[in-house]
Protein chains: 2
Amino acid sequence: MINKLVDKIQKTEAPIVVGLDPMLSYVPEHLKNNAFEEYGETLEGAAEAIWQFNKGIIDATYDLIPAVKPQIAMYEQFGIPGLAVFKKTVDYCKEKDLVVIGDIKRGDIGSTSAAYAVGHIGKVSIGSKSYAAFNEDFVTVNPYLGSDGVNPFIDVCKEDNKGIFVLVKTSNPSSGEFQDQIIDGKPLYELVGEKVREWGELHMGDAYSYVGAVVGATYPEMGKVLRKLMPNTYILVPGYGAQGGLAKDLVHYFNKDGLGAIINSSRGIIAAYQQKQYAKFEPAEYADASRQAVLDMKADILSALNCK
Amino acid sequence: MINKLVDKIQKTEAPIVVGLDPMLSYVPEHLKNNAFEEYGETLEGAAEAIWQFNKGIIDATYDLIPAVKPQIAMYEQFGIPGLAVFKKTVDYCKEKDLVVIGDIKRGDIGSTSAAYAVGHIGKVSIGSKSYAAFNEDFVTVNPYLGSDGVNPFIDVCKEDNKGIFVLVKTSNPSSGEFQDQIIDGKPLYELVGEKVREWGELHMGDAYSYVGAVVGATYPEMGKVLRKLMPNTYILVPGYGAQGGLAKDLVHYFNKDGLGAIINSSRGIIAAYQQKQYAKFEPAEYADASRQAVLDMKADILSALNCK
């Protein structure tokens, strides 16, 4: 799956991933009204509004991008109907041949991580049958519990040709509270980065490992260090755009081959029509605004990479 | 909600929580057969088998215990039908007036943690309405992202009278890989413990905070230190029984008031009928075996507490 991701990044010339993290406040009124007319102001109504919103964005952008990253929390908050739309979104993106990175940030003791792994990227056995319940291509994993909590995901990756991205240095302002603490002269995130490199050696693709890392765009100096520390690790980079990460800083996350990183933007793409820059797009044209935002993001990153 | 939990622990004289972490291999054949006859060997069939299994255990134990802790991964692996049974289990336990601790170990950047918080312990707004999608009383939270990732849960706790347990030192063998690393002379788990104490001061109940901690039974010396470090923090203790934690070691997790800790057992209770000690129970009597295991666990812990 890491090979497929790299291949698609090369074909689209777009090292970017669209974060499908819908909030109801992003959904244009006409879509909300339609959904609420059919289902009322209910969990089902909210889920339907989000589904229609997602579908519009996917249809308008899938030919430009290699991958999407739905954030499950945004669906989980709407309970079962929301999670059903998470699954519907995953399935639809896969029909469009997009690589799907489930941003689930799970991680637990061994047997529990194994359950998350089979549920999201593997197959669960039921009697003589087996089923892929959510069927993402990659998921994000929280490393706080150590190897026990990560290895079951790697086992499933091996079986089902899937991948993971392990949180190393997250993009949020307080990520340093624990992640930057110094241990034997180096920060915890470097220690986690070293572990990710080790875990990655357990399951290599052609040039990159099936075990990737999450490193926030908002900490470019740390990104530079981590890039060198984990040469065969694909880095998933959240925090570009709305969270403050700039393209010129992102060049440090890439290797000399022009690969090794994939930059996520969520709000900046999916809610583009609500931004000044895209004010010419009416709410009914929200998907066109998202397409334009993808094109602009791609140009921004490629131009920064060319200046490297 | 922390006051309710303490009150129920005192009334039942049982500082224990039953982990509703069903695996299909725990479910007696007759329940699986019934479910598969109705729904086939499908996700729905597996979910139904687990629901019937849970219901039997809840009916047989609810009068003895203050709380249950369903592990969402065990449901999530069966996709939407599994998660629907997670919700059904939460609802049923609340009908029985049990305190429900959703073992979800979520944690993300601020806006995403907020979505998890409203979805699991709060209410999500949809137009003019609001809904409690999962409606647990407490959830477990992963601290790796720092205060940003925890505060949205605390905000929702304040609004909706709910609580959280933050992972401090987990029960699994490799938990020390990161959690035991020494920072300025003390391990990371102590630093996290100090933060939990600080976060806890933001929202106090009568004697204990709405912000609790998870500290594994398998590390009693660390439990002793953390108990002193977080005097007003309720400690949720996984790892008793099947994972190797012993009652005599658990006394260190309690305060002098006999409170301050609640011990979880999952497999030891819910799959008791599969164990040698309860071999006299037939599979059809699995729930009676669970009841006996609760009584034995309660006696074991109380006797250790009395010897303190």
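Just so it is clear, the model here is predicted, and its values are computed rather than measured.

S.K.: Even after reading the chapter, I still don't get helix 5 (residues 79-95) of chain B, so can you show me in this structure?
M.R.: What sets the pattern is the α-helix's 3.6 residues per turn: residues three or four places apart point alike. The end-to-end C-alpha distance of helix 5 of chain B is 24 Å, a good match for the 24 Å that 17 residues give at a rise of 1.5 Å each. Listed as buried for helix 5 of chain B are Gly79, Ile80, Pro81, Gly82, Leu83, Val85, Phe86, Thr89, Val90, Tyr92 and Cys93 of chain B. Looking at the packing, one finds that the buried side of helix 5 of chain B touches helix 5 (79-95) of chain A together with helix 3 (43-61), strand 2 (67-68), helix 4 (73-76) and strand 3 (99-106) of chain B. Positive backbone phi, approximately 65°, marks Asp97 of chain B, located one or two places after helix 5 of chain B.

S.K.: Explain the UniProt feature "domain: Orotidine 5'-phosphate decarboxylase" (unreviewed entry) in chain A here, please?
M.R.: In the numbering adopted here, UniProt assigns the feature "domain: Orotidine 5'-phosphate decarboxylase" (unreviewed entry) to residues 15-281 of chain A. Secondary structure across residues 15-281 of chain A comprises 42% helix and 18% strand; the distance between its end C-alpha atoms is 25 Å.

S.K.: What should I look at first to understand the side chain of Ser175 of chain A in this one?
M.R.: Along the chain, Ser175 of chain A falls in the loop between strand 7 (163-169) and helix 8 (176-179). Under the relative-accessibility criterion, Ser175 of chain A is labelled buried at 0%.

S.K.: Would you mind showing me how to read the layout of surface pockets here?
M.R.: Unoccupied space between atoms shows up once a probe the size of one water molecule is rolled over them. Empty space within the largest pocket amounts to approximately 550 Å³. Mapped by element, the contributors of at least two residues to the lining of the largest pocket are strand 3 (99-106), strand 12 (261-265) and helix 12 (267-270) of chain A together with helix 6 (110-120) of chain B. Counting residues per element, the lining of the largest pocket draws most heavily on helix 6 of chain B, which supplies three residues. Its residues assigned to classes, the lining of the largest pocket shows ten nonpolar, 13 polar and seven charged. Considered as a void within the structure, the second largest pocket measures approximately 440 Å³ in volume. Ile109 and Ser111 of chain A together with Asp21, Gln243 and Ser266 of chain B are the residues nearest the centre of the second largest pocket, which is lined by 28 residues in total. Listing elements by their share of the lining of the second largest pocket, those giving two or more residues are helix 6 (110-120) of chain A together with strand 3, strand 12 (261-265) and helix 12 (267-270) of chain B.

S.K.: I tried to follow the sheet that holds strand 7 of chain A on my own but got confused; where do I start?
M.R.: Picture the strands of a sheet paired through backbone hydrogen bonds; they go either parallel or antiparallel. All names here are of chain A. Judged by pairing direction, the barrel is parallel, and its eight strands sit side by side in the order 1-2-3-6-7-10-11-12 before closing back on the first. As paired elements, strand 1 (residues 16-18) and strand 12 share three bridges and run parallel to each other. Bridge pairing in strand 12 links Val17 to Asn264. On top of the sheet, helix 9 (residues 188-201) reaches strand 7 and strand 10 (211-215); it is set at about 160° to strand 7, its chief contact. Here helix 10 (residues 220-229) sits on the sheet in contact with strand 7, strand 10, strand 11 (235-237) and strand 12, set at roughly 130° to strand 7.

S.K.: Sorry if this is basic, but what is going on with the interface of chain B and chain A here?
M.R.: Interfaces are often described in size by the accessible area the parts lose on coming together. Counting residues at the interface gives 67 residues for chain B and 67 residues for chain A. Of the roughly 5600 Å² buried at the junction of chain B and chain A (both faces included), carbon and sulfur atoms supply 63%. The three residues of chain B that bury the most area against chain A are Glu41, Tyr144 and Phe178 of chain B, which together make up 16% of that side's buried surface. Linking chain B to chain A there are six salt bridges. Between Arg106 of chain A and Glu76 of chain B there is a salt bridge whose closest N-O contact spans 3.0 Å. Linking chain B with chain A are 31 residue pairs in polar contact (both at pLDDT 80 or more), by the criterion used here.

S.K.: Please explain the pairing of strand 6 (residues 138-141) of chain A as it appears in this structure.
M.R.: A regular strand carries its side chains on alternate faces of the sheet. All names here are of chain A. By the alternation rule, side chains of strand 6 split into Phe138 and Thr140 and Val139 and Val141, which are all buried. Examined bridge by bridge, strand 3 and strand 6 share three bridges and lie parallel to one another. Looking at the pairing, Gly102 lines up with Val139 of strand 6. Pairing of strand 6 with strand 7, which is carried by four bridges, proceeds in the parallel orientation. When the sheet's bridge partners are listed, Thr140 is paired in strand 7 with Phe165.

Calculation rules
- Sequence order sets the numbering: in each chain, residues are counted from 1 along the sequence as written.
- Chains carry letters and ligands carry numbers; both start at the beginning, A for chains and 1 for ligands, and go up in the order they are written.
- Reporting of local features is limited, given that this is a predicted model, to residues whose pLDDT is at least 70; pairs of side-chain atoms are given and counted only at 80 or more, and all residues count toward the totals for whole chains, interfaces and linings.
- In computing side-chain values, all of the structure's heavy atoms are included and hydrogens and water are not.
- In DSSP terms, a helix is any run of H or I states spanning at least four residues, a strand is any run of E spanning at least two, and both are numbered starting from the N terminus.
- Each helix should span, by expectation, one fewer than its residue count multiplied by 1.5 Å.
- For each residue, the accessible area found with a 1.4 Å probe, counting protein chains only, is set against the maximum for its type, and the residue is called buried under 20%, exposed over 50%, and partly exposed in between.
- Whether two residues are in contact is decided by their heavy atoms: any pair within 4.5 Å suffices.
- UniProt positions are given in the numbering used here, feature names are shortened, and annotations may be inferred rather than shown by experiment.
- Within this scheme a cavity is a closed region of a 1 Å grid, computed over the protein atoms alone, that accommodates a 1.4 Å probe without allowing it to escape, whereas a pocket is open but has protein on both sides within 12 Å along at least five of seven lines; lining residues each have an atom within 4 Å of a point.
- Grid points are joined across faces, edges and corners, and a volume is the space filled by probe spheres set on the points.
- The nonpolar class holds Ala, Val, Leu, Ile, Met, Phe, Trp, Tyr, Cys and Pro. Asp, Glu, Lys and Arg form the charged class, and all remaining residues, Gly among them, are polar.
- Note: two strands are recorded as paired if DSSP finds a minimum of 2 bridges between them.
- In this analysis an axis means a line fitted to C-alpha atoms, helices contributing only their contacting stretch, and an angle means the value between N-to-C directions, from 0 to 180 degrees.
- Two parts placed together each lose some accessible area; with a 1.4 Å probe, that loss summed over both constitutes the buried area.
- The rule for a salt bridge is simple: a side-chain nitrogen of Lys or Arg has to be within 4 Å of a carboxyl oxygen of Asp or Glu.
- Under this definition, polar contacts are N or O atom pairs within 3.5 Å; protein pairs additionally need one hydrogen-donor-capable and one acceptor-capable atom, and for neighbouring residues in sequence, both atoms have to be side-chain atoms.

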